[in-house]
Amino acid sequence: MAADDRLTRSENELAWRLRDAHRRVRVLPVPLDQRERLSRRLLSICDVAKRDLSHAAGRLDLFLLDLDALVSDTPSAGNIAEGD
């Protein structure tokens, strides 16, 4: 990585939040088709992040809210790990 490839603080924060979201989706106890939809949605947020950080951050906020609601609706929600 070149010296000028360093991330700004906001880019770094978004990268960590996206990484955490990917981990959370990966361990969700949901049917495969639902996990695939969530993964595609998350990948589209990653794609937007390449062009517009603030828009991607807003979409990620909404995605995480939906993910939290999905986890709280899961019968075994108390047993879900928040990643590895």
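Residues numbered from 1 in each chain as written. Predicted model: local features only at pLDDT ≥ 70, side-chain atom pairs only at ≥ 80, totals over all residues. Heavy atoms only, no water.

## Quick look at the overall build of the chain
Stage number 1. Scanning the chain from N- to C-terminus turns up three helices and zero strands.
Stage number 2. Going from the N terminus to the C terminus, the chain shows its helices and strands as α-α-α.
Stage number 3. Per-residue burial for the chain yields a buried fraction of 26% across its 84 residues.
Stage number 4. Here the analysis covers contacts within the chain between residues at least 6 apart in sequence; of these, 61% occur between residues at least 24 apart. (Helix = DSSP H or I, 4+ residues; strand = E, 2+ residues; numbered from the N terminus. Buried < 20%, exposed > 50% of the residue type's maximum accessible area, 1.4 Å probe, protein only. Contact = heavy atoms within 4.5 Å.)

## A closer look at the packing of helix α1 (residues 9–26) against helix α2 (residues 32–49)
Stage number 1. In contact at an axis separation of 10 Å, α1 and α2 are set at 170° when each is read in the N-to-C sense. When the axes of α1 and α2 are compared, the pair comes out roughly antiparallel. On the side of α1, the interface is formed by Leu14, Leu18, Ala21, His22, Val25 and Arg26, while α2 contributes Arg35, Leu38, Ser39, Leu42, Leu43, Ile45, Cys46 and Ala49.
Stage number 2. Among the residues making up the contact of α1 with α2, the classes are represented as ten nonpolar, two polar and two charged. (Axes fitted to C-alpha atoms, helices over the stretch in contact; angles between N-to-C directions. Parallel < 35°, antiparallel > 145°, perpendicular 65-115°, else oblique. Nonpolar A, V, L, I, M, F, W, Y, C, P; charged D, E, K, R; others polar.)

## Here we look at the nonpolar core
Stage number 1. Counting residues in each nonpolar core, the largest one holds 18 residues, and the members touching the most others are Leu42, Leu60 and Phe63.
Stage number 2. Residue assignment for this core shows that the elements contributing at least two residues are α1, α2 and α3 (53–73).
Stage number 3. Sort the elements by how many residues they give to this core and α3 lands first, with seven residues. (Core = buried A, V, L, I, M, F, W, Y, C linked by side-chain atoms within 4.5 Å.)

## Considerations on α1
Stage number 1. Here α1 contains 18 residues, and its C-alpha end-to-end distance of 26 Å stays within 8% of the 26 Å for a straight helix at 1.5 Å per residue.
Stage number 2. Here α1 has its buried residues at Leu14, Leu18, Ala21, Arg24 and Val25. The arc that holds every buried residue of α1, seen down its axis, measures 120°, which confines them to one face. (Expected span 1.5 Å × (residues − 1). Arc of directions from axis to C-beta.)

## Here we look at the pattern of salt bridges
Stage number 1. On inspection of all chains with the given rule, the structure shows six salt bridges.
Stage number 2. We note a salt bridge from aspartate 33 to arginine 37, for which the minimum N-O separation is 3.7 Å. On the criterion of helical spacing, the pair formed by aspartate 33 and arginine 37 is a turn pair, its members being four residues apart in helix α2.
Stage number 3. For arginine 37, a relative accessible area of 47% gives the class partly exposed.
Stage number 4. Residues joined in a network through salt bridges with shared partners are Asp47, Lys50 and Arg51. (Salt bridge = Lys/Arg side-chain N within 4 Å of Asp/Glu carboxyl O.)

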